[in-house]
Amino acid sequence: MNLRIALFLARRGLRESLFSTGLMVVAIAIGIGFQVPSTANLQGYRAELLAQSLDAGFGDVRVRPNKGLYLRDADALASRLSRLPQVTEATPVVGAVAQVTANGRSSSLTLFGVEPRARFHPYRVVSGEPLVDSNEEVLIGVSLADRLGVAVGDRLKVRVLLSSYPRLVLDDDGYGDYSLLVRGLVGFGASDGAFVARSFLAGELGDENLASAVLIHIPNHENASAVAAEVVQAVPRSVVRAWIDDSHYLQSSVRAVETLAQASWAMGILAVGIPVLALLYISTLHRRRQIGLLTAMGFSRLDLFATFLAQALILGLAGAISGGALAIGLVRYLIRHPVFNWQAFVIRPVLSVRDLAMTMSVVLLTAVAAGTYPAWRAARLDPSPILRGIE
Amino acid sequence: MTSSPAIDARGLVRRYADRTVIDHVSLTVSAGESVSLMGTSGCGKTTLLHLLGTLDRPDEGQLLIAGQDPTTLGERKRARLRRETLGFVFQQSNLLPSLSALENVALPAWRVSGRRAEAMDRAAALLSRFGLAARAHAKAHILSLGEAQRVAVARALINSPRVVLADEPSGSLDSGSTNAVLDALTEVCRLGAALLVVTHDPGVAARCGRQLVMRDGRLLQSDSASPPARAQA
């Protein structure tokens, strides 16, 4: 077998029918060109879902009290946890049942006290200003603001249940009333919530060191369970849960997106493989006379197999390169024009060079694999009936 | 000491389903000899040519091509026997349409030697000898039938085969082109190869040193006693 001859004959064979060759290259290019951005969008959705729910949510690992509503001495605990390996930040948050009222409308919710100076907060500000250490200001969710008819700069009446014990609710000091300035609006997962400085809320609850939970952030969300196991060792008397065990909705959503991405990948492979297989097979049938002539010239079955497989290789390469360029162009466009952008939840395609190279390689291999059967058929054709013109 | 015949077939039988297409055919063709094979359509001429060209396998009988028994060889060795020992010329659609005349001729030599440039030089020389130098770079599909057949003959000769098998090489040609193709084919014998031509044309048969006739899968004239005859110039 001579590979140079196989490639030469393959190239010439493809040029013989530019239309079907073009169709095959386009099929492969479209397969890559659309599959890659589609999967990149799903990866972007997954990344944004995790970022919104964990980075701009309640952390990768949550530490809560084993008994009662609050962790005591939460600052020291957060400081200790932030020194654990892989931990980017551990920040305490405190929550209290509250009622917010404006324009004659009210809503019940959990008011959260957060650390304004922390790197991660359980929200993303979509308008107005970030929170500062103040007992005068509040951030509220976009949906809540809409229901109450308030905007940035307006004031809210906030009534907070300060007692840990229901029997004390009716006591005079069982709740606190405050008039707070809306400093900013927060979106997506926090769009029904309200947030104040932790020092203010914890102070009102009677202990500035109080926290309902310590939220731990790590760079790689996939490692949450391993980090949670280390945190358990560090704080054995607390309830420690990784997001995977604590947020079933998020876990199911991430799995669903991953399944969709795999399905999209498989569809892309099929979308490339089937047309290439069909067109190469038709091309093989169309060129039976040439196969007979090559056999008469002394080309072996291996020579013929290599020639037809080389066709698939050339098609795969041309399609993969064109498809890669198309995919990069589409991904760049989708980065500038996201398919989803609502309340700071933005889906931007996530594409690495490694992912693109892997997709192109897999599609190239699929094209070659799809060419294997036609090549095998070409190699197995009986030359005698073909050359006699009876087949 | 004499060399083995280029073709030595004894008692060849080829059946398709319940029909015997080649019925105990024996045939010997020596180096430098030209033999024509005539007969009605469907009498088995082309099937015999394909058996001798190792494109098909006999159900019975013995066959030696240049001293080698192709029936005992594997597929790769039979392919090698075809490219090094045999040359084929068919009636039509002989050339690969995506290749030029030069590339068509060079291809078998490139496959044998693995050296493209050398094969192209030899092909160019052959085309020149057959008066086709000006058409060397023309694509096969724009050549006239006569030119295409002469290119096919040149291709059959490029590896200096010991046997050339031609199946109706002038079947669709006018008389001028037929003469040119026959001149090219008789050149084969001058170069020392055996030539077997299947034809319906008595004029073509007359140009060969020996004429055989087939009917219903059998050779009407016994062949084994025939002395080798040189091609007529």
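Predicted model only: the values in this text are computed from it and were never measured.

1. Topic: the pairing of strand 1 (residues 7-16) of chain B
Residues and elements named next belong to chain B.
Then step 1. Among the ten residues that make up strand 1, seven are buried, leaving the element largely enclosed by the rest of the structure.
Then step 2. In this sheet, strand 2 (residues 19-29) lies alongside strand 1 in antiparallel orientation, the contact comprising seven bridges. Residue A9 lies in a different strand from strand 2, and its bridge partner there is L27.
Then step 3. The loop that links strand 1 with its antiparallel partner strand 2 comprises two residues; one of these, A17, has a positive phi angle of about 55 degrees.

2. Some points on the packing of helix 2 (residues 18-58) of chain A against helix 8 (residues 248-286) of chain A
All names here are of chain A.
Then step 1. Two elements in contact, helix 2 and helix 8, have axes separated by 9 Å at closest approach and are oriented at 175 degrees. Relative to helix 8, helix 2 is oriented roughly antiparallel.
Then step 2. In terms of residue class, the contact of helix 2 with helix 8 is built from 20 nonpolar, nine polar and two charged.

3. Topic: the pairing of strand 1 (residues 61-65) of chain A
Residues and elements named next belong to chain A.
Then step 1. Within strand 1, four of the five residues are buried, which leaves it mostly tucked inside the rest of the structure.
Then step 2. Two strands pair when backbone bridges link them, and strand 1 and strand 10 (residues 238-242) are joined in this way by five bridges, in the antiparallel orientation. By the bridge assignment, R62 is partnered in strand 10 with R241.
Then step 3. Here strand 1 runs beside strand 9 (residues 213-217); their pairing, made up of three bridges, is antiparallel. Across the sheet, the residue bridging to V61 is I216, located in strand 9.

4. Overview of a nonpolar patch on the surface
All names here are of chain A.
Then step 1. On the surface, a nonpolar cluster with roughly 330 Å² of combined accessible area is contributed by L7, L313, L317 and I321.
Then step 2. Take the nonpolar patch: its biggest share by element is three residues, from helix 10 (residues 301-336).
Then step 3. Assignment of secondary structure puts L7 in helix 1 (residues 3-16).
Then step 4. When its relative accessible area of 34% is taken as the criterion, L7 is described as partly exposed.

5. Looking at the packing of aromatic side chains
Then step 1. Scanning all chains against the criterion turns up twelve aromatic pairs over all chains.
Then step 2. Their ring planes at 85 degrees and their centres at 5.2 Å tell us that Y178 of chain A and F200 of chain A sit as a pair that is edge-to-face. Of this pair, Y178 of chain A sits in strand 7 (residues 175-186) while F200 of chain A sits in helix 5 (residues 198-205), and the two are 22 residues apart along the sequence.
Then step 3. The exposure class assigned to Y178 of chain A is buried, which follows from its relative accessible area of 16%.
Then step 4. A relative accessible area of 9% places F200 of chain A in the buried class.
Then step 5. With a centroid separation of 4.2 Å and 40 degrees between ring planes, the pair formed by F188 of chain A and F345 of chain A is classed as tilted. Linking F188 of chain A in the loop between strand 7 and strand 8 (194-197) with F345 of chain A in strand 12 (residues 345-347), this pair joins segments that are 157 residues apart in sequence.
Then step 6. On the basis of relative accessible area, F345 of chain A is assigned to the buried category, the value being 1%.
Then step 7. Cluster of aromatic residues (ring-pair linked, three or more members): Y45, F188, F340, W342 and F345 of chain A.
Then step 8. The residue whose ring lies beneath R129 of chain B is F130 of chain B, and the NZ or CZ to ring-centre distance is 5.9 Å.

Definitions and cut-offs
- Residues numbered from 1 in each chain as written.
- Chains lettered and ligands numbered in written order.
- Predicted model: local features only at pLDDT ≥ 70, side-chain atom pairs only at ≥ 80, totals over all residues.
- Heavy atoms only, no water.
- Buried < 20%, exposed > 50% of the residue type's maximum accessible area, 1.4 Å probe, protein only.
- Helix = DSSP H or I, 4+ residues; strand = E, 2+ residues; numbered from the N terminus.
- Pairing = 2+ DSSP bridges.
- Axes fitted to C-alpha atoms, helices over the stretch in contact; angles between N-to-C directions.
- Parallel < 35°, antiparallel > 145°, perpendicular 65-115°, else oblique.
- Nonpolar A, V, L, I, M, F, W, Y, C, P; charged D, E, K, R; others polar.
- Patch = residues over 30% accessible without salt bridge, like charges linked within 9 Å, V, L, I, M, F, W, Y side chains within 5 Å.
- Areas by Shrake-Rupley, 256 points an atom, 1.4 Å probe, with all protein chains shown as cover.
- Salt bridge = Lys/Arg side-chain N within 4 Å of Asp/Glu carboxyl O.
- Phe/Tyr/Trp six-rings, centres within 6.5 Å; stacked < 30°, edge-to-face > 60°.
- Lys NZ or Arg CZ within 6 Å of the ring centre and 35° of its normal.

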